[in-house]
Amino acid sequence: MRIIVTVEGDDSGSGHELRRWLTAEPGMRGRVRPADAPPPGATGAVSDTLVALVEPGGIAAVFAGALVAWLQSRRGTRTVTITRPDGTRITVTAAQVKALDARRAADLARELAAAVDAAAPPGDDPAGPDARPRARNADDTPRPDADDGRPPAS
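The model shown is predicted, which means the values in this text are computed figures rather than measured ones.

Caption draft 1: Here's a closer look at the overall build of the protein chain. Regarding its fold elements, the protein chain presents four helices and five strands. Mapped in sequence order, the helices and strands of the protein chain form the string β-α-β-β-α-β-β-α-α. By residue count, 32% of the 154 residues in the protein chain fall in the buried class. The long-range share in the protein chain, meaning contacts at least 24 apart out of those at least 6 apart in sequence, stands at 62%. Accessible area of the protein chain: about 8,900 Å², with a carbon and sulfur share of 52%.

Caption draft 2: Here's a closer look at the environment of Val 5. Within the secondary structure layout, Val 5 lies in strand S1 (residues 2-9). Residue class for Val 5 comes out buried when judged on its relative accessible area of 0%. Measuring from C-alpha to C-alpha, the distance between Val 5 and Thr 83 comes to 6.4 Å, with 78 residues separating the pair along the chain. Not counting residues within four places of it along the chain, the set of residues in contact with Val 5 comprises Leu 18, Asp 48, Thr 49, Leu 50, Ala 52, Phe 63, Val 80 and Thr 81.

Caption draft 3: The arrangement of the pairing of strand S5 (residues 89-93) in detail. Across the two faces of S5 the burial differs, with Ile 90 and Val 92 buried and Arg 89, Thr 91 and Thr 93 not buried at all. The loop that links strand S4 (residues 78-83) with its antiparallel partner S5 comprises five residues; one of these, Gly 87, has a positive phi angle of about 95 degrees.

Caption draft 4: Expanded view of the pattern of salt bridges. Evaluation of the coordinates by the stated rule reveals six salt bridges. The salt bridge partner of Asp 86 is Arg 84, with a shortest N-O separation of 2.9 Å. Look at Arg 84 and you get buried, because its relative accessible area is 12%. Here Arg 110 ties to Asp 107 by a salt bridge, and the two come within 2.3 Å at their closest N and O atoms. Within this pair, Arg 110 and its partner Asp 107 are both found in helix H4 (residues 102-117), separated by three residues, close to a single helical turn.

Caption draft 5: Here's a closer look at the sheet that holds S1. Read across the open sheet, the five strands follow the order S2-S3-S1-S4-S5; overall the sheet is antiparallel. The strands lining the two open edges of the sheet, one partner per strand, are strand S2 (32-34) and S5. Across the sheet, the axes of successive neighbouring strands diverge by a mean angle of 25 degrees, strand direction being ignored. Alignment of S4 against S5, held across five bridges, turns out to be antiparallel. Within S5, the position partnered with Val 80 by the bridge is Val 92. On the sheet, helix H2 (residues 58-73) packs against S1, strand S3 (49-53), S4 and S5 and is oriented at approximately 165 degrees with respect to S4.

What counts and what doesn't
- Position numbers for residues start from 1 in each chain and track the written sequence from start to end.
- Local features in this predicted model are restricted to residues of pLDDT 70 or higher, and side-chain atom pairs are both shown and tallied only at a pLDDT of 80 or more, whereas totals for entire chains, interfaces and linings draw on every residue.
- Note that the side-chain values use all heavy atoms of the structure and ignore hydrogens as well as water.
- Think of it this way: any DSSP run of H or I at least four residues long counts as a helix, any run of E at least two long counts as a strand, and we number them from the N terminus.
- Relative accessibility under 20% of the residue-type maximum defines a buried residue, over 50% an exposed one, and the middle range a partly exposed one, all with a 1.4 Å probe and only protein chains included.
- Contacts: residue pairs with any heavy atoms within 4.5 Å of one another.
- Using a 1.4 Å probe, the Shrake-Rupley method yields the accessible areas, and only the shown protein chains count as cover for residues.
- A pair of strands is treated as paired once DSSP finds two or more bridges between them.
- When a carboxyl oxygen of Asp or Glu lies within 4 Å of a side-chain nitrogen of Lys or Arg, that pair is called a salt bridge.
- Axes, fitted as lines to C-alpha atoms, cover a helix only where it is in contact. Angles between the N-to-C directions of the axes lie from 0 to 180 degrees.

In structure tokens:
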């Protein structure tokens, strides 16, 4: 699942700092890159916008834990907004995490991982975020009358 991570703060380059921090985590190597453009409505510069590829469970937990630790280690104000594929935005600020003890920071990381995971439906489509969603029936079978972009069968 592809999420957009936008960093705003006292100085420019925060996105680059966060990218270096995340890629230092073994589970995140190769999963974070600078974004080509900020998501619609974002106020940060392109250099402060990242794309992260996360999976439900372990990778989302590694991402969330690293993000909380990074925010705790920064001076000044930082705001990180995570935009899920469904458009939901999750915002965490350095002020929220600065004074947390280890247990509360771990709790926040678990909550953040769960919020990121909530965007990944069961059987997340390996075709990627640009794949067209298919209409489904209540029992999760494909709807035969749905326009999935393919020409009708002859």
